[in-house]
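Chain by chain, the residues:
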Amino acid sequence: MIETDIAIIGAGPTALFAVFEAGLLKLRCHLIDYLPQPGGQLTEIYPKKPIYDIPGYPEILAGDLVDNLMKQIEPFKPGFTLGERAETIERIDNKFWKVITNKGTIIQATVIAIAGGLGCFEPRKPPIKGIDAFEDKGVDYIVRDPEVYRNKKIIIAGGGDSALDWSIYLTDVASEVILVHRRNEFRGAPDSVEKVMHLASIGKIKLLTQSQVTKIAGVGKLESVTVLHDMEGEKAFEVDHFIPLFGLTPKLGPLGNFGLNLDKQAILVNTLDYSTNLPGVFAIGDINTYEGKLKLILCGFHEATLMAQAAFKIVYPDKKLSFKYTTVTGIEGMA
Ligand SMILES: Cc1cc2nc3c(=O)[nH]c(=O)nc-3n(C[C@H](O)[C@H](O)[C@H](O)COP(=O)(O)OP(=O)(O)OC[C@H]3O[C@@H](n4cnc5c(N)ncnc54)[C@H](O)[C@@H]3O)c2cc1C
């Protein structure tokens, strides 16, 4: 069991800045995110897009902002549980909370800060009969650890950036990479399309366009997939992994069952400190709602700051909190 002061559900920009503000008050944080990397929407949806409304940065790429936030929180040594979904929360002795993930990891904390954004990103699954039975047995919708594919035969499906980027990356890891796409044209960055075409021309990627995976088969685990070409018909390929990368859609998911007061798909909060109807549970960033709410990164930063102050009073009810500027205190990390 992991013990901490604040269990933060989500590792998007709001959660990362919450670690900083909590760290200034010597509160420890542990973050849980269903995605395999921190950064939330910024990393998952638009890492290469410039953002223009972060104070002090006339322009910054979303991916660079996440890198900077990670650097900014380094002194506070936060813990991370990535690739796991916070599934349930339990109140213990009216004093602590337990956050339990879909993989059984337990995080015990005095305070929970829900920074779940638009919810968990769920993969768009291709309509292939019986695909559910092969999930985690050869079918993966997200590349969590590229090493899983070392010296394996893999087939990737999709026409966007994820499919292109992973096909390129995994040529150096897997023994064979097949990329299947329904059309002849790809939707991804022109530079990545060019790289894939080059790798296909030198035989490092087997490129199958105007094609789709229609059947999958195996005993206990994936063994083969069948690809249907628009003109040439079906052909079976022996593979160890099938990775359909058709994008992710956000769903509120288990956060909707925590017993929180909701308005549509968002958690209602008190704007005094972004507390919810549950004691010691806060909701910050895109996941919350209140009159005048704006889903902006800088609003999440503000909410995280006020939440941290309120969390301090719950973790240390007998201590006085005196407000100080970082220009006066500097940054003192965790021991
Ligand atoms: C294309 C695009 C452009 C944008 N441009 C701008 C801009 O220019 N300026 C601006 O200010 N904002 C912009 N935004 C909005 C901005 O990205 C969001 O306001 C911001 O990402 C909110 O941060 P967050 O940390 O609250 O949530 P998110 O970034 O959504 O992160 C939430 C995280 O919580 C995780 N999560 C959810 N539920 C669970 C669970 N049960 N267990 C584990 N993990 C969970 C998710 O996996 C996710 O990683 C843009 C958004 C998009 C899509």
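It should be noted that the structure appears before, not after, this text.
Residues numbered from 1 in each chain as written. Predicted model: local features only at pLDDT ≥ 70, side-chain atom pairs only at ≥ 80, totals over all residues. Heavy atoms only, no water.

## Some remarks on the nonpolar core
(1) Moving on: Grouped together as the largest cluster of nonpolar side chains are 62 residues, with contacts concentrated most on Ile 6, Ile 8, Ile 9, Val 99 and Ile 114.
(2) Moving on: In terms of residues, this core owes the most to one element, helix H6 (residues 297-315), which gives nine residues.
(3) Moving on: If sequence neighbours within four positions are ignored, Ile 114 has contacts with Ile 9, Leu 255, Phe 258, Leu 260, Ile 267, Val 281, Phe 282, Ala 283, Ile 284 and Ile 287.
(4) Moving on: Phe 186, Val 193, Val 196 and Ile 243 belong to the second largest nonpolar core, which has 19 residues in total. (Core = buried A, V, L, I, M, F, W, Y, C linked by side-chain atoms within 4.5 Å. Buried < 20%, exposed > 50% of the residue type's maximum accessible area, 1.4 Å probe, protein only. Helix = DSSP H or I, 4+ residues; strand = E, 2+ residues; numbered from the N terminus. Contact = heavy atoms within 4.5 Å.)

## Examining the site of the ligand
(1) Moving on: Asp 33, Gln 41, Tyr 46, Ala 86 and Ile 297 are the nearest of the 31 residues found near the ligand.
(2) Moving on: Taking Tyr 34, its main chain carries an N or O atom lying 3.2 Å from a nitrogen atom of the ligand.
(3) Moving on: Backbone polar atom of Ala 86 to a nitrogen atom of the ligand: 2.8 Å apart, as the coordinates give it.
(4) Moving on: Protein chains bury 88% of the 990 Å² of accessible surface belonging to the ligand in isolation.
(5) Moving on: For the shell around the ligand, the elements supplying multiple residues, two or more each, are helix H1 (13-24), strand E2 (29-33), helix H2 (40-44) and strand E9 (120-123). (Near = heavy atom within 4 Å. Polar contact = N/O pair within 3.5 Å; in protein donor to acceptor, adjacent residues only side chain to side chain. Areas by Shrake-Rupley, 256 points an atom, 1.4 Å probe, with all protein chains shown as cover.)

## Things to note about the environment of Ala 217
(1) Moving on: Here Ala 217 is to be found in strand E13 (residues 211-217).
(2) Moving on: The exposure class of Ala 217 is partly exposed, given its relative accessible area of 35%.
(3) Moving on: Ignoring anything within four residues of it in the chain, the contact list for Ala 217 reads Phe 134, Leu 222, Glu 223 and Ser 224.

## Concerning the environment of Gly 280
(1) Moving on: Checked against the element boundaries, Gly 280 lands in the loop between strand E19 (266-268) and strand E20 (281-283).
(2) Moving on: A relative accessible area of 13% places Gly 280 in the buried class.
(3) Moving on: A C-alpha to C-alpha distance of 9.2 Å links Gly 280 and Val 315, two positions 35 residues apart in sequence.
(4) Moving on: Non-local contacts of Gly 280, meaning those with residues more than four positions away in its chain, are made with Trp 97, Thr 110, Val 111, Ile 112 and Ile 314.

## Concerning the side chain of His 241
(1) Moving on: By the secondary structure assignment, His 241 is in strand E16 (residues 241-244).
(2) Moving on: The exposure class of His 241 is buried, given its relative accessible area of 11%.
(3) Moving on: Within the structure, the side chain of His 241 is placed 3.3 Å from the side chain of Asp 140, a separation counted as a polar contact.
(4) Moving on: Discounting residues that sit within four places of it in the chain, His 241 has contacts with Gly 138, Asp 140, Val 148, Tyr 149, Lys 152, Lys 153, Ile 154, Ile 155 and Leu 222.

## Brief notes about the sheet that holds E19
(1) Moving on: One open sheet accounts for three strands, arranged E18-E19-E21; its pairing is mixed. Looking at which strands have only one partner, the edges of the open sheet turn out to be strand E18 (262-263) and strand E21 (288-289).
(2) Moving on: Where E19 meets E21, two bridges bridge the pair, whose relative direction is parallel. Residue pairing across strands places Ile 267 opposite Asn 288, the latter belonging to E21. (Pairing = 2+ DSSP bridges.)

## Some words on unusual backbone geometry
(1) Moving on: The phi dihedral of Lys 26 is positive, around 65°, even though this residue is not glycine.
(2) Moving on: Checked against the element boundaries, Lys 26 lands in the loop between H1 and E2.
(3) Moving on: Under the relative-accessibility criterion, Lys 26 is labelled partly exposed at 36%.
(4) Moving on: Within the chain, Asp 136 stands out as a residue other than glycine whose phi angle is a positive 65°.
(5) Moving on: For Asp 136, a relative accessible area of 73% gives the class exposed.

## Here we look at the packing of aromatic side chains
Aromatic ring pairs are described here by two measures, namely the spacing of the ring centres and the angle between the planes.
(1) Moving on: Counting across every chain of the model gives seven aromatic pairs.
(2) Moving on: Summarising the aromatic geometry, the rings of Phe 17 and Phe 301 are spaced 4.9 Å apart at their centres and angled 40° between planes, so their arrangement reads as tilted. Here the residue Phe 17 occupies a position in helix H1, and Phe 301 occupies one in helix H6, the gap between them amounting to 284 residues.
(3) Moving on: Following the ring pairs from residue to residue traces out a cluster consisting of Phe 17, Phe 20, Phe 76 and Phe 301.
(4) Moving on: Above the face of the Tyr 34 ring, Arg 85 is positioned so that its terminal group lies 5.0 Å from the ring centre.
(5) Moving on: A cation sits over an aromatic face here: Lys 319 above Tyr 316, 4.1 Å from the ring centre. (Phe/Tyr/Trp six-rings, centres within 6.5 Å; stacked < 30°, edge-to-face > 60°. Lys NZ or Arg CZ within 6 Å of the ring centre and 35° of its normal.)

## Some details on the pairing of E2
(1) Moving on: Counting buried residues along E2, five of its five residues qualify, which places the element largely inside the surrounding structure.
(2) Moving on: Burial along E2 is two-sided: the face carrying Cys 29, Leu 31 and Asp 33 and the face carrying His 30 and Ile 32 are both buried.
(3) Moving on: As paired elements, strand E1 (residues 2-9) and E2 share four bridges and run parallel to each other. Within E2, the residue paired with Ile 6 across the bridge is Cys 29.
(4) Moving on: Once the chain exits E1 it traverses H1 before rejoining the sheet at E2, and the crossover so formed is right-handed.
(5) Moving on: Where E2 meets strand E5 (residues 79-82), four bridges bridge the pair, whose relative direction is parallel. Each bridged residue has a counterpart across the sheet, and for Leu 31 the counterpart in E5 is Phe 80. (Right-handed = clockwise from strand over helix to strand, strands pointing away.)

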